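Here is how the chains run, residue by residue.
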Amino acid sequence: GRAGCNAVARLLESSTCLRLLSLPNCDIGDEEICILAASIKVSKSRLPLESIQLSFNSISHKGAECLTNSLWGSRSLRELVLDNNQIADRGAHHIAAIVPTLPALKVLDVGFNSIKTSGLTALMKTVAETSLLSSLSVSGNVVDVNAAKALAYALAYNSSLMEIFLVHCSIV
């Protein structure tokens, strides 16, 4: 809840060695993630976060926007795991916008987030243009014909991707 997120936020503001923030299935919603994101943003230059894992929470596009704004330009972030939330297309657009600003990002998991064609297309355009991302999961999101074309485009132009997860994508 809010009290717990405030405590973690204080920790983030004072830590100089924390590398992994893992809060799966913690009932974190937009309000809570925005509290954490504000602390990450303030501490970004001295906080060497390499991995953020926020699976199975209730983060929507609003929370994704707070988080992506705080991560913009992070030099240390290697893994961003947001599977099983509710970021949808708008959240995917926010994530697609920051991927080029994260030079160390290797793993991105946005599976099971109700992302449809618009969001997947934005993500795939970014994936096509990045040369560092090695693992991508878009499992559990519906891949229609246009999203499949965007996916094929990304795979054709990205030379760094070593793993892509498309489990339960209802490719139609």
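For clarity, every value in this text was computed on a predicted model and none was experimentally measured.

Can you help me understand the environment of lysine 44 in this one?
Its place among the elements puts lysine 44 in the loop between helix 2 (30-43) and strand 2 (51-53). With relative accessibility at 26%, the residue lysine 44 sits in the partly exposed group. A C-alpha to C-alpha distance of 9.2 Å links lysine 44 and serine 76, two positions 32 residues apart in sequence.

I keep staring at the packing of aromatic side chains and nothing clicks. Help me out?
Given two aromatic rings, one states the distance between the centres and the angle between the planes to describe the pair. Within this structure, the stated rule accounts for one aromatic pair. Between the aromatic rings of tyrosine 153 and tyrosine 157, the centroid separation amounts to 4.7 Å while the plane-to-plane angle is 45°, which identifies the pairing as tilted. Remark: tyrosine 157 and tyrosine 153 occur in helix 6 (residues 145-157); sequence separation between them is four residues, near one turn of the helix. On the accessibility criterion, tyrosine 153 (41% relative accessible area) is partly exposed. A residue is classified by how much of its surface remains accessible, and tyrosine 157, at 57% relative accessible area, is exposed.

When you look at the side chain of aspartate 109 in this model, what are you seeing that I'm missing?
Its place among the elements puts aspartate 109 in strand 4 (residues 107-109). The side chain of aspartate 109 is buried and forms no salt bridge, while lysine 116, the nearest opposite charge, is found at 17 Å. At 2.9 Å, the side chain of aspartate 109 and the backbone nitrogen of glycine 111 are in polar contact. Separated by 3.4 Å, the side chains of aspartate 109 and serine 137 make a polar contact. Excluding residues within four positions of it along the chain, aspartate 109 makes contact with Leu80, Val81, Leu82, Asp83 and Ser137.

About the thresholds
Along every chain, residues carry numbers that run from 1 in the direction the sequence is written. In keeping with the model being predicted, local features are shown solely for residues with a pLDDT of at least 70 and side-chain atom pairs are shown and tallied solely at 80 or more, while totals for entire chains, interfaces and linings include all residues. Side-chain numbers here rest on the full set of heavy atoms in the structure, without hydrogens or water. Under the scheme used here, helices are H or I runs from DSSP no shorter than 4 residues and strands are E runs no shorter than 2 residues, and both carry numbers assigned from the N terminus. Burial status follows relative accessibility: with a 1.4 Å probe on protein chains alone, a residue under 20% of its type maximum counts as buried, one over 50% as exposed, and anything between as partly exposed. Aromatic pairing here means that ring centres of Phe, Tyr or Trp (its six-membered ring) are within 6.5 Å. Orientation follows from the plane angle: under 30 degrees is stacked, over 60 is edge-to-face, and everything else is tilted. As used throughout, the charge tally considers Lys and Arg to be positive and Asp and Glu to be negative, leaving His and the chain termini uncounted. Salt bridges are defined by distance alone: a side-chain nitrogen of Lys or Arg within 4 Å of a carboxyl oxygen of Asp or Glu. Any pair of nitrogen or oxygen atoms within 3.5 Å is treated as a polar contact; in protein, a donor-acceptor pairing is required on top of that, and neighbouring residues in sequence qualify only through side-chain atoms on both sides. Contacts are residue-level and defined by heavy atoms, with any inter-residue pair within 4.5 Å sufficient.

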